[in-house]
Amino acid sequence: MISPVSEELKDNSSGFSFSFDYGNDFKFNYQINMTKGNGDIKFYLDDQLIYSAELTEGVNEYTSDIFSDKKGDFKCVIDYSDDAEGFEVIKLYTRTKKINKIIHR
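Bear in mind that the values here come from a model prediction, so they are computed numbers and not experimental data.

Draft legend 1. Just the packing of aromatic side chains, in detail. Taken as a whole and judged by the stated rule, the model has 16 aromatic pairs. Taking 5.8 Å as the distance between ring centres and 35° as the angle between the ring planes, the aromatic pair formed by phenylalanine 43 and phenylalanine 74 counts as tilted. Note that phenylalanine 43 is positioned in strand β3 (residues 39-45) and phenylalanine 74 in strand β6 (residues 67-80), a separation of 31 residues in sequence. Residue classification places phenylalanine 43 among the buried positions, given a relative accessible area of 0%. Each member of the aromatic cluster is reached from another via a ring pair, and the members are Phe16, Phe18, Phe20, Phe26, Phe28, Tyr30, Phe43, Tyr51, Tyr62, Phe67 and Phe74. Across from the ring centre of tyrosine 93, 5.6 Å away, lies the NZ or CZ of lysine 27, which sits over that ring. Its end group placed over the ring of tyrosine 44, lysine 75 keeps NZ or CZ at 5.2 Å from the ring centre.

What follows is the structure in structure tokens.
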């Protein structure tokens, strides 16, 4: 279930969170096209920083490697400068292994 992380976001921020109940493989990617301003993006797994980057004017893109058999709380937080303009597309892909589905039935 994807939920916003609004309690931790400022006026010039965006983000989301997702909880894995049992072991999943996942990867994430983003495309952020900024026509003005800058910012930074951070991804966390169980409050541990797993990726961060500075965002600049232009197209900012990244696709992570696959994280295998992880569970816990995943979170994405993006902080923008006050003058930032543009659009963002952030995706989280998950894959549950079939053996986990059988065990948890």
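Draft legend 2. Geometry of unusual backbone geometry. In this model, aspartate 47 sits at a positive phi of 65°, which is unusual for a non-glycine residue. Examined against the element boundaries, aspartate 47 turns out to sit in the loop between β3 and β4 (48-55). Overall, the relative accessible area of 65% leaves aspartate 47 in the exposed class. Positive phi is not limited to glycine here, since aspartate 69 has a value of about 50°. As for its position among the elements, aspartate 69 is in strand β6. Of the residues examined, aspartate 69 reaches a relative accessible area of 47% and is grouped as partly exposed.

Draft legend 3. Representation of the side chain of aspartate 25 in the model. Counting through the fold element by element, aspartate 25 comes out in strand β2 (residues 13-36). Here aspartate 25 falls in the buried class, since its relative accessible area comes to 5%. Only 2.8 Å separates the side chain of aspartate 25 from the backbone nitrogen of aspartate 69, close enough to count as a polar contact.

Draft legend 4. Seen up close, the nonpolar core. Formed by 19 residues in total, the largest nonpolar core has its most connected members in Tyr30, Ile32, Ile41, Phe43, Leu55, Phe74 and Leu92. At the level of elements, β2, β3, β4 and β6 are the ones that each hand at least two residues to this core. Here the element with the most residues in this core is β2; it accounts for eight residues. Among all residues touching phenylalanine 43, those that are not within four sequence positions of it are Phe28, Tyr30, Gln48, Leu49, Ile50, Tyr51, Phe74, Lys75, Cys76 and Ile90.

Procedures and definitions
Residues numbered from 1 in each chain as written. Predicted model: local features only at pLDDT ≥ 70, side-chain atom pairs only at ≥ 80, totals over all residues. Heavy atoms only, no water. Phe/Tyr/Trp six-rings, centres within 6.5 Å; stacked < 30°, edge-to-face > 60°. Helix = DSSP H or I, 4+ residues; strand = E, 2+ residues; numbered from the N terminus. Buried < 20%, exposed > 50% of the residue type's maximum accessible area, 1.4 Å probe, protein only. Lys NZ or Arg CZ within 6 Å of the ring centre and 35° of its normal. Polar contact = N/O pair within 3.5 Å; in protein donor to acceptor, adjacent residues only side chain to side chain. Core = buried A, V, L, I, M, F, W, Y, C linked by side-chain atoms within 4.5 Å. Contact = heavy atoms within 4.5 Å.

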